[in-house]
Amino acid sequence: MNAIALTEVSKSYGEVHAVNGLNLTMEAGRTVALLGPNGAGKSTTINMLLGLIRPTAGEVRVFGRTPDEAVAHGEIGAMLQEGTLIPELTVRELVDFIRRLYPDPLPLDQVLQVADLTALASRRAGRLSGGQAQRVRFALAIAGAPRLLVLDEPTAAMDVESRRAFWAGMRDYAAQGRTVLFATHYLEEADENSDRVIVVAGGRVVADGTAAEIKAGAGGSSVAFSLDGQSSAGLDALPGVTAVEILSGTVTLRTADVDATVAALYRGTTLDVRDLRIDGADLEDAFLTLTRSAEV
């Protein structure tokens, strides 16, 4: 059974289409990153999964149930961008209060450890920094041991060290066979912490696969070398080449097939190739390529 299934889901606000005919399935036990520019429909999709808003059309299912049913059965935990903590309670009291609302919660000490909050357990929530408060929200999201964990921009207020600790905790939680869906603007987080990346733009899926597949599909790899006054004629016709850029005597070939491009460069041209440099695809470049194409 899929953890998530969205079928022809749309959400409109008047004439504005936040989500437009979205079809998406997500297998249980996967960690999936949801990427997209502002206004792409990420938060709207997450809110529909949580039952916070209703789709205008289509069907949303979480473990075969409606979102309301899945929430009622304690199958979903969520960490949203906004949320106020009760300032008078300590971290321990707050986490323990929330975990007691679930039928089969995680042990309190385990929640604090996974969220890297053990040292802050006695501090009142009103005295936490922004990054520390985010870690408490993560603890509240996992306290009930949900089968699906949904995170919306979870590290937005965290410094570098806190972000690293957070993702270590998330991977520890996911390693127990649980399903994680997270939206982020930090593309390196998606690259390092997911086994599947979904890119949305204009309320639709524009790319879906592993980070490596999406990079390759967007043609993000490049081959660069010194041109030294030689002619660049014919380089755009080499296998795999999608674009040719020349700057200060260096030519850069954007390619979807590095091996074929390099082989043809040496065997199919008379160029004297020097200072060859091959750069792997970058998820940020792929993201920009995909989302710009979707806007056209």
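Just so we're clear, the structure is a prediction, and the values are computed from it rather than from any experiment.

Undergrad: Please explain the sheet that holds strand β4 (residues 57-62) as it appears in this structure.
TA: The strands making up a sheet associate through hydrogen bonds between their backbones, and the pairing can be parallel or antiparallel. Pairing is antiparallel across the open sheet formed by 3 strands, whose spatial order is β2-β1-β4. The strands lining the two open edges of the sheet, one partner per strand, are β2 (16-27) and β4. In this sheet, neighbouring strand axes are inclined to one another by 15° on average, regardless of whether the strands run parallel or antiparallel. Judged from the 5 bridges that link them, strand β1 (residues 2-13) and β4 form a sheet pairing that is antiparallel. Paired with Ala5 across the two strands is Arg61, which belongs to β4.

Undergrad: So what exactly am I meant to see when it comes to the nonpolar core here?
TA: With 49 residues, the main nonpolar core has Phe138 and Leu151 as its most contacted residues. Leu151 has contacts with Ile46, Met79, Phe138, Phe166, Met170, Val180, Leu181, Phe182 and Ala183, leaving out every residue within four places of it along the chain. Judged by nonpolar contacts, the second largest core, of 26 residues, contains Phe63, Ile76, Val150 and Val200.

Undergrad: For this particular structure, what's the right way to read the packing of helix α5 (residues 130-142) against helix α6 (residues 160-174)?
TA: When two helices pack together, their arrangement is given by the angle between the helix axes and the distance between those axes. Viewed as axis vectors pointing N to C, α5 and α6 meet at an angle of 5°, and their least axial separation amounts to 11 Å. Overall, the two elements α5 and α6 adopt an arrangement that is roughly parallel. Along the contact surface, α5 presents Arg135, Phe138 and Ile142, while α6 presents Ser162, Phe166, Gly169, Met170 and Tyr173. Class assignment of the residues belonging to the contact of α5 with α6 gives a composition of 5 nonpolar, 2 polar and 1 charged.

Undergrad: Please explain unusual backbone geometry as it appears in this structure.
TA: If a residue is not glycine, its phi is most likely negative; likewise, a peptide bond is most likely trans. With a phi angle near 55°, Ala145 is a residue other than glycine that sits in the positive phi range. In the Ramachandran plot, Asp275 falls in the positive-phi region, its phi being about 55° despite a non-glycine side chain. The class of Asp275 is exposed, set by a relative accessible area of 61%.

Undergrad: Honestly, the packing of aromatic side chains in this entry has me stumped. Any pointers?
TA: The geometry of an aromatic ring pair is captured by the separation of the ring centres together with the interplanar angle, meaning the angle of the planes. In this structure the tally under the stated criterion is 3 aromatic pairs. Note on Phe166 and Trp167: the rings are 5.0 Å apart at their centroids and 80° apart in plane angle, and the pair reads as edge-to-face. The pair Phe166 / Trp167 is uniform in exposure class, with both members buried. The ring centre of Phe63 lies 3.8 Å from the NZ or CZ of Arg147, which sits over that ring. The ring of Tyr173 has Arg178 sitting right over it, with the charged end atom 4.3 Å from the ring centre.

Undergrad: What is the right way to read the pattern of salt bridges from this model?
TA: Proximity of charged atoms lets side chains of opposite charge pair with each other. A complete count under the given rule lists 17 salt bridges for this structure. In this structure, Arg163 and Glu188 form a salt bridge, with 2.8 Å as the shortest nitrogen-oxygen distance. With Arg163 in helix α6 and Glu188 in helix α7 (residues 187-193), this residue pair connects regions lying 25 residues apart in the sequence. Taking the shortest distance from any N to any O, the salt bridge between Arg274 and Asp272 comes out at 2.8 Å. Classification of Arg274 by relative accessible area gives partly exposed; the value is 48%.

Undergrad: For this particular structure, what's the right way to read empty space enclosed by the protein?
TA: Evaluated as defined, the whole model comprises 1 cavity of 30 Å³ or more. The calculated volume of the largest cavity comes to roughly 30 Å³. Around the largest cavity, the lining residues are Val114, Ala115, Asp116, Arg135, Phe138, Ser162, Ala165, Phe166 and Gly169. Ranked by the residues each element gives to the lining of the largest cavity, the list is headed by α6, at 4 residues. By residue class, the composition of the lining of the largest cavity is 5 nonpolar, 2 polar and 2 charged.

Undergrad: Quick question: what am I supposed to make of the side chain of Asn193 here?
TA: With respect to the helices, strands and loops of the structure, Asn193 is situated in helix α7. Residue contacts for Asn193: discarding those within four places in its chain leaves Thr31, Trp167, Met170, Arg171 and Phe182.

The rules behind the values
- Residues numbered from 1 in each chain as written.
- Predicted model: local features only at pLDDT ≥ 70, side-chain atom pairs only at ≥ 80, totals over all residues.
- Heavy atoms only, no water.
- Pairing = 2+ DSSP bridges.
- Helix = DSSP H or I, 4+ residues; strand = E, 2+ residues; numbered from the N terminus.
- Axes fitted to C-alpha atoms, helices over the stretch in contact; angles between N-to-C directions.
- Core = buried A, V, L, I, M, F, W, Y, C linked by side-chain atoms within 4.5 Å.
- Buried < 20%, exposed > 50% of the residue type's maximum accessible area, 1.4 Å probe, protein only.
- Contact = heavy atoms within 4.5 Å.
- Parallel < 35°, antiparallel > 145°, perpendicular 65-115°, else oblique.
- Nonpolar A, V, L, I, M, F, W, Y, C, P; charged D, E, K, R; others polar.
- Phe/Tyr/Trp six-rings, centres within 6.5 Å; stacked < 30°, edge-to-face > 60°.
- Lys NZ or Arg CZ within 6 Å of the ring centre and 35° of its normal.
- Salt bridge = Lys/Arg side-chain N within 4 Å of Asp/Glu carboxyl O.
- 1 Å grid on protein atoms, 1.4 Å probe; cavity = no way out; pocket = protein on both sides within 12 Å on 5 of 7 lines; lining within 4 Å.
- Points joined across faces, edges and corners; volume = space filled by probe spheres on them.

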